[in-house]
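Report on the structure
Residues per chain, in single letters:
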Amino acid sequence: MKPDNLLEACTPDALQNAMHEQEEQEAKIKVAIQEKAGHQRALDETRERLAVLESKEGEVKSLRLERQDAIAKGRDHADITARIAACERELQDMAKDRSLLEDQEAAYLKALEGCDAYLKALASDLEEHEKEVTRIRSGVLANTYNTLAQSLAGTVKELRHVCFKNGSYAFPDAPKPHGRYWGEGPLARIPILRMDWEGVPVEDAYFFRI
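Residues numbered from 1 in each chain as written. Predicted model: local features only at pLDDT ≥ 70, side-chain atom pairs only at ≥ 80, totals over all residues. Heavy atoms only, no water.

**A short note on the overall build of the protein**
Scanning the protein from terminus to terminus reveals four helices and four strands. For the protein, the N- to C-terminal ordering of α and β elements is α-α-α-α-β-β-β-β. What you see for the protein is a C-alpha radius of gyration of 39 Å, clearly larger than the 17 Å of a compact globule of 210 residues, by over 25%. By principal-axis analysis of the C-alpha atoms, the protein measures approximately 125 × 35 × 25 Å. Buried positions account for 24% of the 210 residues belonging to the protein. The long-range share in the protein, meaning contacts at least 24 apart out of those at least 6 apart in sequence, stands at 70%. When the 30 basic and 39 acidic side-chain charges of the protein are each reduced to a single mean position, those positions are 4 Å apart. (Helix = DSSP H or I, 4+ residues; strand = E, 2+ residues; numbered from the N terminus. Rg over C-alpha atoms; globule rule 2.2 N^0.38 Å. Buried < 20%, exposed > 50% of the residue type's maximum accessible area, 1.4 Å probe, protein only. Contact = heavy atoms within 4.5 Å. Lys, Arg positive; Asp, Glu negative; His and termini not counted. Charge placed at Lys NZ, Arg CZ, Asp CG, Glu CD.)

Encoded structure:
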């Protein structure tokens, strides 16, 4: 019979190696997720600082409008002016970091986009690893089945030879071992499992067939 190299390659060692590669891929994904989370935290912190800066700018604008109203109505505005001066001093210190914060925000956004693309690629690779593990595991089980089925085929063939003579039971009036239906199921045919059926004739598809 034509050898099935694909099935022969499905050994317990091959399965172990495939599972190890899958675990390594899962570990890469875990590291990448942690890296993304770090970038997200940094982005959140940067945006919080920018929000504080923008809030202070808004406070100065609001105070200036309040002062303009006081001037227009001829009221004293010394207290408002003092508050504006204090806010502007705070704002001056905070504004020194604006360009850095804006660059950090852009950098972390770009880094997050890179993380998403990398994680997508890792997930795709993991899916392939999972498929490979499934394929090899099915092959290992198929090899186990074939070993057992080949042994069973010899027993079934001999059993049928003993129980049948000229196409009917050899001992019709005596209790005899039989399946629910002799002509169906594993007592009628025991198939061979393969991964590569190209060029394999139908008569080589069974360990036993009546």
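**Overview of the packing of aromatic side chains**
The relative placement of two aromatic rings is captured by the distance of their centres and the angle of their planes. In the structure shown here, the tally under the stated rule is zero aromatic pairs. Sitting above the plane of the W197 ring, R194 keeps its charged end 5.6 Å from the centroid. (Phe/Tyr/Trp six-rings, centres within 6.5 Å; stacked < 30°, edge-to-face > 60°. Lys NZ or Arg CZ within 6 Å of the ring centre and 35° of its normal.)

**Observations concerning the packing of helix α2 (residues 12–72) against helix α3 (residues 78–95)**
It is at 9 Å that the axes of α2 and α3 come closest, and there the two elements cross at 155 degrees. In this view, α2 runs roughly antiparallel relative to α3, as classed from their interaxial angle. Remark: the crossing between α2 and α3 carries left-handed chirality. From α2, V52, L53, K56, E57, E59, V60, L63, R64, E66, R67 and A70 reach across to α3, where they touch I80, T81, R83, I84, C87, E88, E90, L91, M94 and A95. Residue composition of the contact of α2 with α3, by class: 11 nonpolar, one polar and nine charged. (Axes fitted to C-alpha atoms, helices over the stretch in contact; angles between N-to-C directions. Parallel < 35°, antiparallel > 145°, perpendicular 65-115°, else oblique. Left-handed = near helix turned anticlockwise from the far one by under 90°. Nonpolar A, V, L, I, M, F, W, Y, C, P; charged D, E, K, R; others polar.)

**Quick notes on the side chain of K56**
Secondary-structure assignment places K56 in helix α2. Only 3.3 Å separates the side chain of K56 from the side chain of E90, close enough to count as a polar contact. The residues touching K56, leaving out its near neighbours within four places in the chain, are C87, E90, L91 and M94. (Polar contact = N/O pair within 3.5 Å; in protein donor to acceptor, adjacent residues only side chain to side chain.)

**Digging into the nonpolar core**
In terms of nonpolar packing, the biggest core is built from eight residues, these being L53, V60, L63, A70, I80, I84, C87 and L91. Listing elements by their share of this core, those giving two or more residues are α2 and α3. When sequence neighbours within four positions are dropped, the list of residues in contact with I80 reads L63, E66, R67 and A70. Listed in part, the seven residues of the second largest apolar core include A14, L15, A18 and V140. (Core = buried A, V, L, I, M, F, W, Y, C linked by side-chain atoms within 4.5 Å.)

**A few points about α3**
Taking 1.5 Å of rise per residue, the 18 residues of α3 would be expected to cover 26 Å, and the 25 Å separating its terminal C-alpha atoms lies within 8% of that figure. Listing the buried residues of α3 in full gives I80, I84, C87 and L91. Buried residues along α3 cover an arc of 70 degrees about the axis, so they all sit on one side. Exposed and facing more than 90 degrees away from the buried side of α3 are R89 and Q92. (Expected span 1.5 Å × (residues − 1). Arc of directions from axis to C-beta.)

**Looking at the packing of α2 against helix α4 (residues 98–163)**
Between α2 and α4, the least distance of the axes is 8 Å, while the angle of their chain directions is 160 degrees. With respect to α4, the element α2 is oriented roughly antiparallel. The hand of the α2/α4 crossing is left-handed. Split into classes, the residues belonging to the contact of α2 with α4 amount to 26 nonpolar, seven polar and 16 charged.

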